[in-house]
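# Results of the structural survey
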Amino acid sequence: MRRFSNLFCSVITLLLALSAFSAAMAQQGQYHFNNVPFSLATLKAGGGLATYSPISSVDGQTLQLRDDDGVVFTFTLDSETVYCQGDKRAANWVYLRTLKKKTTVTVLTKDNENTKALVVWDKAPSISASSGPLVFTLPPMCK
């Protein structure tokens, strides 16, 4: 019985350590919105697709996000892309190069087929499931 108790304690300790580690890891994924909580001239009727993951590479034309499984999401950047650096609107994409390697960024596009980045945030979305269904919230729109 004592052996079972020790094993049980070891398993619980391992699970707690893993849950703390997974919470500290960068967030990654995609979420489809039926309605975006702000107006944006480049986002017509319908929703949008938010992709969030750390940056793999960025230049003036493309932004690549890579998840832990090695999947790369490539987005086109252009003069209409809005760059949110915190609460402020950045002039261009250059600040993205200064982000720490594991920082999760969020990119809003129209859908899976249209990979033009409409908005790029330098932070992850807010995701919670504490009281029922999953609640996914984009970062606030910069000014």
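Scroll up to find the structure.
Read on for a plain summary of the structure.

Reading the values: the criteria
- Residues numbered from 1 in each chain as written.
- Predicted model: local features only at pLDDT ≥ 70, side-chain atom pairs only at ≥ 80, totals over all residues.
- Heavy atoms only, no water.
- Pairing = 2+ DSSP bridges.
- Helix = DSSP H or I, 4+ residues; strand = E, 2+ residues; numbered from the N terminus.
- Polar contact = N/O pair within 3.5 Å; in protein donor to acceptor, adjacent residues only side chain to side chain.
- Phe/Tyr/Trp six-rings, centres within 6.5 Å; stacked < 30°, edge-to-face > 60°.
- Buried < 20%, exposed > 50% of the residue type's maximum accessible area, 1.4 Å probe, protein only.

Our next topic: the pairing of strand β5 (residues 82–85). Relative to strand β8 (residues 119–121), β5 runs parallel, the two being bridged by 3 bridges. From the neighbouring strand, Tyr83 faces β8, where its bridge partner is Val120. Strand direction decides the pairing type here: β5 and strand β6 (residues 88–90), joined by 3 bridges, are antiparallel. Within β6, the position partnered with Tyr83 by the bridge is Ala90. Here β5 folds back onto β6 in antiparallel fashion, the turn holding 2 residues, of which Gly86 has a positive phi close to 65 degrees.

Counting through the fold element by element, Thr81 comes out in the loop between β4 (72–76) and β5. A polar contact of 2.8 Å, which involves the side chain of Thr81, links it to the backbone oxygen of Ala117.

Overall, the coordinates contain 5 aromatic pairs when judged by the stated rule. For the pair Tyr31 and Phe136, a centre-to-centre distance of 4.2 Å together with 5 degrees between the ring planes defines the contact as stacked. One end of the pair, Tyr31, is in strand β1 (residues 29–33); the other, Phe136, is in strand β10 (residues 135–137), with 105 residues separating them in the sequence. Its relative accessible area of 28% is what places Tyr31 among the partly exposed residues. Note on Phe33 and Phe136: the rings are 5.4 Å apart at their centroids and 65 degrees apart in plane angle, and the pair reads as edge-to-face. Remark: Phe136 occurs in strand β10 and Phe33 occurs in strand β1; sequence separation between them is 103 residues.

Moving on, we come to the pairing of strand β7 (residues 104–109). Burial analysis of β7 places 6 of its 6 residues in the buried class, which makes it a mostly covered element. Burial of the side chains of β7 extends over both faces: Thr104, Thr106 and Leu108 are buried on one face and Val105, Val107 and Thr109 on the other. Bridge analysis of strand β2 (residues 48–58) against β7 gives 6 bridges, and the strand direction is antiparallel. Directly across from Tyr52, in β7, lies its bridge partner Thr106. Note: β7 against β8, 3 bridges, orientation antiparallel. Across the sheet, residue Thr106 finds its bridge partner in β8, namely Trp121.

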